[in-house]
Amino acid sequence: MVKGLLTAGLFSAMLGGVECVYADGPPFNFAPFSTSNSQAPGGPGGVGDKEKGVESEEKANRARNEHPRTTSAGFDPEALERGAKALKEINKSSYAKQVFESMKKQEETRQKEFIAKQAEYKAVQAQAETEKQKVLYDEQKKLVQQQAQIKSQMARYEDELARKRMQAENEHHRTRNQELVKMQEESSIRQEQARRATEEQIQAQRRQTEREKAEIERETIRVRSMAEAEGRAHEAKLAEDVNRRMLVERASAEREKWVAAINTTFDHIGGGLRAILTDQNKLVVAVGGVTALAAGIYTTREGAKVIWSYVDRILGQPSLVRESTIGKFPWSGSSRRFSTLLRGGSTGSTSKNGNGFGDVILHPSLQKRIQQLARGTANTKSHMAPYRNMLFYGPPGTGKTMAARELARKSGLDYALMTGGDVAPLGSQAVTKIHQLFDWAKKSNRGLLLFIDEADAFLCERNKTYMSEAQRSALNALLFRTGDQSRDIVLALATNRPGDLDSAVADRIDEVLEFPLPGEDERFKLLKLYLDKYIAQAGARKGGFFSNLFMKEQQKIEIKGMADEILKEAAAKTDGFSGREIAKLMAGVQATVYGSENCVLDPNLFREVIDYKVVEHQQRRNMAVKSA
């Protein structure tokens, strides 16, 4: 134990001076490596002085190394020597025990300090660990906040993506709906085209049927005439023998006379030919005359053809005009007016219904409006002011064409009718025909009302996909000719679909008239008018002498009990009928009466036909709705 303490004291002495505290004396300063003259506690001349002398003596006797760092081992033994010397001094000193105790206490104090420092280090380490945990907690908290922020950003991003996806889906649905609407419009256009084609085919078949019916009627009349002629020939056959003998004798006399004349002629011709052939001058004159005669005949024929074609092109009626009060050539109109005067009547005489408007039965307000337009057009003509163009629209068979004809008659204008369906088949010639039509119309001295029926057939919107280039050019030609107000032509358009007209055409229109389906009062007047026309006057003849001579007298229809109440009842049942359908209805009544045994029209037969026609009309309407 003493050795351990000595070793510890040696190392302590090597590190520096040691301050020793004794329990029963003053502190003792020990500087083992100091060479200064420090006085020991024992006073002068004690152990310190002796040690000092020994040390100085040893130093004097020992060979010093002036360069201790330059040794081979690199170790300075001086400090170790001083420590050993100090130990020796301590062992020799009487305070060695106190020194060791002091050193022991110092060591224990140092150990305690070390333990305290160790505890302090542990506390610092614990505090550092706490700080570290706090930092980790803060970092984890920040991480959680960042994760929450990232999640919220992700949620916002996903929400934005969802909104964009919904917008894209909505845009896709909108585009698809637009495409569906476009497809539906195209489908409706195709259906409308098919419907129009079907209607045109039906109209063509109907016209063909009417032509065949007229042909059959003409053939019947011809056969009847032949039968009557055969009857009269049979009656005249009784005197055939006498007439034959007379004819034979007369023919014999005539034959002998003609034979003698022929012989004489050939004799003269033979003599002339012999004279011509024998005389060269006569032969040349004869050949030249024949040649000149042939050339004159050929030139006259070809010149007549050229002149006639020129007259036909300049003065003739255009091919687009279906009906006109103007003759096809200038002299034909005058001859027609002269024949009308000889018959003692006018083409526009008032009808028996007393309305002063022909056979047209319209609503009172519409009829008053047309009469005002007729008076205004007539006054416009007398004052040389520009005419106003008109548009008639409404369902088929409501009297648009008849009203235009009567409007032209009352205003003192010539009348010409054309249909829009005639323009499309002309193709590239349509523009030329349109210009020819307007040039011809300007030649009327009285002014012309040009009525275009079914105007939407070639005056429809120019952006239609099914409109051909020829139709577009024809429309542009008409727009060019009607760009300014005219003092020669009144343009009247009729259509069932006014919405299909081109906007430029609608801009040319000054007066628009709607022709609705007739009301109950108008239907009653129409029934009464066509009852008189198709039933009461059915057997009346209007032909000439030869037709009255060869045609068999028609059977009269007997009317029984057809009072106005029956017609009013029929007018109430025929709601929705147009004027044309009422005319066909009365024509059907006429056919039914002719098919009966006694050719008598009574209320029961009339009601039966009316009920049948009403059901047929309803079926047609249902079929039209289904096809639409």
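Residues numbered from 1 in each chain as written. Predicted model: local features only at pLDDT ≥ 70, side-chain atom pairs only at ≥ 80, totals over all residues. Heavy atoms only, no water.

Under the annotation held in an unreviewed UniProt entry, the chain carries the name AAA domain-containing protein and is attributed to Heracleum sosnowskyi.

K.L.:
Would you take a moment to explain the nonpolar core for this structure?
P.N.:
Where a protein is soluble and globular, its nonpolar side chains tend to be buried together. By size, the foremost hydrophobic cluster in this structure holds 32 residues, and its most contacted members are Met418, Leu450, Ile452, Phe458, Leu459 and Leu493. Mapped onto this core, the elements with two or more residues apiece are β5 (414-419), α10 (430-441), β6 (448-453), α11 (469-481), β7 (489-495) and α12 (503-508). Ranked by the residues each element gives to this core, the list is headed by α10, at 6 residues. Setting aside residues no more than four positions away along its own chain, Leu459 makes contact with Leu475, Leu478, Leu493, Asp500, Leu501, Asp502 and Val505. Counting residues in hydrophobic clusters, the runner-up holds 28 residues, among them Ile557, Ile566, Phe577 and Phe606. (Core = buried A, V, L, I, M, F, W, Y, C linked by side-chain atoms within 4.5 Å. Buried < 20%, exposed > 50% of the residue type's maximum accessible area, 1.4 Å probe, protein only. Helix = DSSP H or I, 4+ residues; strand = E, 2+ residues; numbered from the N terminus. Contact = heavy atoms within 4.5 Å.)

K.L.:
Teacher, can you tell me more about the pairing of β7 here?
P.N.:
The two faces of a sheet get side chains in turn, since along a regular strand they alternate between them. For β7, a buried count of 7 out of 7 residues is recorded, marking the element as mostly surrounded by other parts of the structure. Taking every second residue as pointing to the same face, both faces of β7 are buried, with Ile489, Leu491, Leu493 and Thr495 on one and Val490, Ala492 and Ala494 on the other. Across 4 bridges, strand β4 (residues 390-393) lies against β7 in parallel orientation. Each bridged residue has a counterpart across the sheet, and for Met390 the counterpart in β7 is Ala492. Looking at chain direction, β6 and β7 are connected through 5 bridges and run parallel. Paired with Ile452 across the strands is Leu493, a residue of β7. (Pairing = 2+ DSSP bridges.)

K.L.:
Would you explain the packing of aromatic side chains in this entry?
P.N.:
The geometry of an aromatic ring pair comes down to the distance between the two centres and the angle between the two planes. As enumerated under the stated definition, the model contains 3 aromatic pairs in all. Seen from their ring centres, Phe392 and Phe451 are 6.4 Å apart, and the 45° between their planes marks the pair as tilted. Taken together, the positions of Phe392 in strand β4 and Phe451 in strand β6 put the pair 59 residues apart, joining distant regions of the chain. Across this residue pair, the class does not change: Phe392 and Phe451 are buried. With a centroid separation of 5.6 Å and an interplanar angle of 15°, the aromatic rings of Tyr530 and Tyr534 are classed as stacked. Of the two residues, Tyr530 and Tyr534 both sit in helix α13 (residues 520-536), 4 residues apart, roughly one turn of that helix. Residue Tyr530 is classed as buried on the basis of its relative accessible area, which comes to 8%. On the basis of relative accessible area, Tyr534 is assigned to the partly exposed category, the value being 22%. Through a chain of ring-to-ring contacts, three or more aromatic side chains come together here, namely Phe392, Phe451 and Phe515. The ring of Phe524 has Lys568 sitting right over it, with the charged end atom 5.7 Å from the ring centre. (Phe/Tyr/Trp six-rings, centres within 6.5 Å; stacked < 30°, edge-to-face > 60°. Lys NZ or Arg CZ within 6 Å of the ring centre and 35° of its normal.)

K.L.:
Please clarify how the pattern of salt bridges should be interpreted in this entry.
P.N.:
Oppositely charged side chains may form a pair once their charged atoms are brought near each other. Enumeration over the complete set of coordinates arrives at 30 salt bridges. Between Arg620 and Glu616 there is a salt bridge, with the nearest N and O atoms lying 3.0 Å from each other. Here Arg620 and its partner Glu616 are both found in helix α17 (residues 603-627), 4 residues apart, which amounts to about one turn of the helix. When salt bridges with common partners are traced through the structure, they connect Glu192, Arg195, Arg196, Glu199, Asp456, Arg497 and Asp500 into a single cluster. (Salt bridge = Lys/Arg side-chain N within 4 Å of Asp/Glu carboxyl O.)

K.L.:
I would appreciate a short explanation of unusual backbone geometry in the present structure.
P.N.:
Even without being a glycine, Met384 presents a positive backbone phi close to 55°. Tracing the chain through its elements places Met384 in the loop between α8 (364-382) and β4. One non-glycine residue, Glu454, lies in the positive phi region at around 50°. Among the structural elements, Glu454 can be located in the loop between β6 and α11. Residue Glu454 is classed as partly exposed on the basis of its relative accessible area of 35%.

K.L.:
Please explain a nonpolar patch on the surface as it appears in this structure.
P.N.:
A cluster of nonpolar side chains, contributed by Trp258, Ile262, Phe266, Ile269, Leu273, Leu277, Leu283 and Val287, occupies part of the molecular surface with about 830 Å² of accessible area. When residues of the nonpolar patch are traced back to their parent elements, those giving at least two are α5 (240-278) and α6 (280-315). Residue contributions to the nonpolar patch peak at 6 residues, all from α5. Here Val287 lies in helix α6. Residue classification places Val287 among the partly exposed residues on the basis of a relative accessible area of 48%. (Patch = residues over 30% accessible without salt bridge, like charges linked within 9 Å, V, L, I, M, F, W, Y side chains within 5 Å. Areas by Shrake-Rupley, 256 points an atom, 1.4 Å probe, with all protein chains shown as cover.)

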